[in-house]
Structures are given as C-alpha cells and as structure tokens.
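Working through the structure, step by step
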Amino acid sequence: GDREFTALRPNLASDQKNALQITDFHGVHAGLKDLLPLWKDGDLGFVQATSTPYRDKRSHFDGQDILEAGTVELAPMGRRTGWLNRLLPHLPGSEERTAFALGREDMLLLTGEAPVSNWSPEVDLTLSSQGLRLLELLMQSDPNMGAAMAQAIALAGSDGDSVTFEMSEEGMMDEMMADAQQARKGKTHLKIADFAAEQLRGESRIASFSISGWDTHAGQLRALNAPLAKLSETILRLRAELGQPVWEKTTILCMTEFGRTVRENGTRGTDHGTGGTMIMAGGAIRGGRVFGKWPGLGESDLYQGRDLMPTTDVRAWAAWAMHDSFGLPVSALE
C-alpha cells in the first residue's frame, strides 16, 4: 500500500495483482493463501519492519548466529549459547525432552548448558535383531548408557521406520536409500512437523527447526514460491497434528536473519536487507492483525538509503511469547 513501492520495484511489483489483501494497506503473497483461514480465525499475525540488532556487514552466517544467540554482538566461538536454551532453566521440571532441535543442521538457538534433545528424519538407526540384542547386552551394566540407547531407539523409530530389520545388509541399505529419496522430494519439513507435533502433544514444550531456500539474489518472483509453500504446509500440518486442545496453547514464531532490500536489483531479486517480516501463528496468539509501525519507503525513511528501517527488535516479540507461554518475569527475559 505504500505509494513508493511500485517505483522501487518496477518488475517485482507486477506480482501485486496476485496479492491477497488482508488490510487496507497490507497484502500477503499468494504462496501463503492456504493460511488465510488462520488469519480470519485470529490464529495468524504478522510483524512488519522488525529486525535483529545485526547491522551492516550483511553476512548470512553472522546474521543467523545473532538471531539464534539473541544478543547484540557475538560471543567468541565455543561460548555462544542460544536464547531458547537459556530459557530452559527457568521452566520448572525442565529436562532433556522438554526441548527438541529438529533437522540435520546444528541449532545455536538450543545450544547451551541446559540439556536438549535432537532428532532428524534423515538420520536413521538401522540394526539387525541380533545387533540390537548385542547392544542391549553391552549396555545392561551401565544404566545411563542403557537409557540413552533406549531413547535413541525410540526416537529413531518415531517417524514410522522400523529400527530392526530381519533382512540382509543390502535390504537395510535399500531402506536407507528410500528415506534419502523422500528427503530429496522435499517432504522433510512435513516429517519434522509430524515429529514436533507428536512431542508437543506429550511432555515436550519447545521445538525449533529451519526451513531453507529464502535466498533471493535473483529471480525473486520464482524463487520464493517453494519456501513459502513449505512454510504454509508446515504450519498447517502442525495445526492438524497437534489437535485443537494443544493448538490453542501453541505459539509459532517464524523469524529470519535478514529482511529484503527495498529496491530490486538488476537480476530482479532482493536480499541482505535489514527490516523484515516476522510471522506468528497458533491458537495462543491474538492474530488477525499486523503488528509494529510502518516506517515508510521515502528516501529519508530508509536505513542507509537502501533498506526498510526497523521499528522494533525481533527479540521483543519473542520475549512476549515466552512471557505469555511460560510466565517468565520481565527480569528473567531481560
């Protein structure tokens, strides 16, 4: 709805005709059309012009670390912790299964002194029944190792794959190859959503994971379609698998280390900006609204003459979510 928008994005603005109007000023990309019922139900909201404290160097790696560390500057390697990990000691009865880092990527977000669990649909434990029995015999004299093995077996089998196989080594390899093919088909995000929902229906309270593919240095009109579809599918799958009673108590925060540049570049893309959008979903939010203040797109309104000016810190919204979900006092959040 900003009058400067079309001039700044002469090619990308052509996609406005496909936008789904949600307020007098705001439109949503057509790739998120399946989420609009959540907007109408008050279970979807957006934060405009928000950002981490990271500025200027425009490194994806540093930007992601700042996002997950929740700090203004980066601590030295080996001393970095994530803000979700630092939350855990404030939760009564927190244990390893309270929080899950999902997917094959290391998540600084849940790295720290508090114990957490990890799971990826792309990593399988495959044993013959004899191999499993041998492991049990080896572990029976060490209760801690035995408990760890039992948890690993339970997690490995939670995505529907059998952990033990009455088959040859070649048969095991065939099963593993089938899993790899499923990952290449792009359905990993749905397996992660299913697993997250299963844990959150039980004793777990936190799950974090990453959906990649948001680099839009070129061809943004085409490049955003796939990740937006994955994001939409993931949110809707979580809602379906959590069930209404758990969904009503759930908050989903979708955060990014970068906004987009305001002007499109010569290859019809935008990337490495500053102010950006945060998406919130879940029955625990008061959605159906766009939060934050719009800074404008005039030359004097832009950050460094090129980026959307942040008007809020993304950490403030995360802190409100932690406050409302877990009852943390402001002093602990600060």
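The structure contained in this document is the topic of the report that follows. (Residues numbered from 1 in each chain as written. Predicted model: local features only at pLDDT ≥ 70, side-chain atom pairs only at ≥ 80, totals over all residues. Heavy atoms only, no water.)

1. Regarding the environment of A240
As a reminder, the rule being used: Counting from the N terminus, the helices are DSSP H or I runs at least four residues long and the strands are E runs at least two residues long. Buried residues are those whose accessible area, probed at 1.4 Å on protein chains only, stays under 20% of the maximum for their type, while exposed residues exceed 50% and partly exposed ones sit between those limits.
Here A240 lies in helix α10 (residues 225-242). Taking the relative accessible area as the measure of exposure, A240 reaches 58% and is therefore exposed. With 46 residues separating them in the primary sequence, A240 and D194 have C-alpha atoms 9.3 Å apart.

2. A word on the pairing of strand β10 (residues 276-281)
Worth spelling out the cut-off: Think of it this way: DSSP has to see at least two bridges between two strands before they count as a pair.
Most of β10 is tucked away: five of the six residues are buried. Relative to β10, strand β3 (residues 44-51) runs antiparallel, the two sharing five bridges. In the strand pairing of β10, G45 is matched with M280. Across three bridges, strand β9 (residues 252-254) lies against β10 in antiparallel orientation. Among the inter-strand pairings, I252 is bridged to a residue of β10, identified as A281.

3. Comments concerning helix α12 (residues 314-326)
Stated precisely, the cut-off is as follows: To estimate the expected span of a helix, subtract one from its residue number and multiply by 1.5 Å.
An ideal rise of 1.5 Å per residue puts 18 Å on 13 residues; α12 measures up with 18 Å between its terminal C-alpha atoms. Just downstream of α12 lies G327, where phi reads positive at about 70°.

4. Some details on the pairing of β3
Of all the eight residues making up β3, eight are buried; the element is thus mostly covered by neighbouring parts of the structure. In the sheet, β3 pairs with strand β11 (residues 290-291) via two bridges, with the strands oriented parallel. Across the sheet, residue V47 finds its bridge partner in β11, namely F291. Alignment of β3 against strand β12 (residues 312-313), held across two bridges, turns out to be parallel. Counterpart to S51 in the pairing with β12 is D313.

5. Overview of the side chain of S117
Looking at where S117 falls in the secondary structure, it is placed in strand β5 (residues 117-119). What makes S117 buried here is its relative accessible area of 2%.

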